[in-house]
Amino acid sequence: KSAARAYANMELPLDEVRALAKTTGTSVNDVVMTLIDHALHQYLREQKAPASQPLVAFMPMSMRDETTGEGGNQVTVELIAMGAPAANIRERLQQINAATQSAKAKGRGMQKVARQAYALVLTGSLTMADSLPLMDKIPSANLVISNMKGPSEQLYLGGAPMAAFHGLPILPPGAGLNVTFASVNKDICLAIGAAPEAVREPYRIAELIEQGFRSLRVGAGGTPFNKTQRVRKTTRSTPATRQSTIR
């Protein structure tokens, strides 16, 4: 892939995402992953390149157990097969919840050294897709999804409140799309970074995420999301070429 990058940022209300997770018996991460997956399938259909199989996310996962007080790095990575292409958004949420719970159980069943070795192998397989001929034909991940917990209070600089939190996700070798989200104060801030060979217009994905959020709220028995649109478009670094394949 080229060095060109395109970015988009958006926010979702954290309290409403938490309410959705509670109503559906899932987690905040599951809800956001579902919105990302739903948006990508919609985007691929718009590009006349629908997926025939579930999209696979390369995803760092925390294995920390707060009850043990164990220190050190308690992180692993996993390939998460997300929702079926034909699933509706509620079905997609349940499928992703099952996949993430299975991945966490698998990680917790490994010794710490084994988890670290497994993470290195998965990361190396993603890297080889960019480095070795024909390795890009071997199935791996379609995108990277990462998340983190940010500050839960309003931040200030010189007395001025922070108005927005915009990320610029990096694309590791072998990846053409990275969606990173973080909880910041009362919002979940999503940042989308893409190589134009994979996704020409990440802003459209941000729009589709917000549309999916409305649909999931209605499907879960909530009220439609009527707040002012909160998708922010950022300037791409270089002109993007027209491609529609997500790798």
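To be clear, the structure that these remarks concern was listed above.
The following refers to the structure shown. Since the model is a prediction, treat every value here as computed from it, not as a measurement.

Scanning all chains against the criterion turns up four salt bridges. In this structure, Arg 217 and Glu 16 form a salt bridge, with 3.1 Å as the shortest nitrogen-oxygen distance. Residue Arg 217 is located in helix α5 (residues 202-219), and its partner Glu 16 is located in helix α1 (residues 14-24); the two are separated by 201 residues in the primary sequence. The class of Arg 217 is buried, set by a relative accessible area of 12%. Taking the shortest distance from any N to any O, the salt bridge between Arg 204 and Glu 207 comes out at 3.2 Å. With a gap of three residues between them, Arg 204 and Glu 207 both fall in helix α5, about one helical turn apart.

Note: most peptide bonds trans; most residues except glycine with negative phi. Notably, Lys 48 is not glycine yet its phi reads approximately 60 degrees, a positive angle. Summarising the element assignment, Lys 48 is placed in the loop between α2 (28-46) and β2 (56-62). The phi angle at Asn 185 is positive, at roughly 60 degrees, despite the residue not being glycine. Here Asn 185 is to be found in the loop between β7 (177-184) and β8 (187-194). Judged by relative accessible area, Asn 185 falls into the partly exposed class, the value being 23%.

To continue, consider the environment of Ser 125. Mapped onto the secondary structure, Ser 125 falls in helix α4 (residues 112-131). Of the residues examined, Ser 125 reaches a relative accessible area of 27% and is grouped as partly exposed. The spatial distance from the C-alpha of Ser 125 to the C-alpha of Gly 174 is 8.4 Å, given a sequence separation of 49 residues.

Cut-offs and rules
Residues numbered from 1 in each chain as written. Predicted model: local features only at pLDDT ≥ 70, side-chain atom pairs only at ≥ 80, totals over all residues. Heavy atoms only, no water. Salt bridge = Lys/Arg side-chain N within 4 Å of Asp/Glu carboxyl O. Helix = DSSP H or I, 4+ residues; strand = E, 2+ residues; numbered from the N terminus. Buried < 20%, exposed > 50% of the residue type's maximum accessible area, 1.4 Å probe, protein only.

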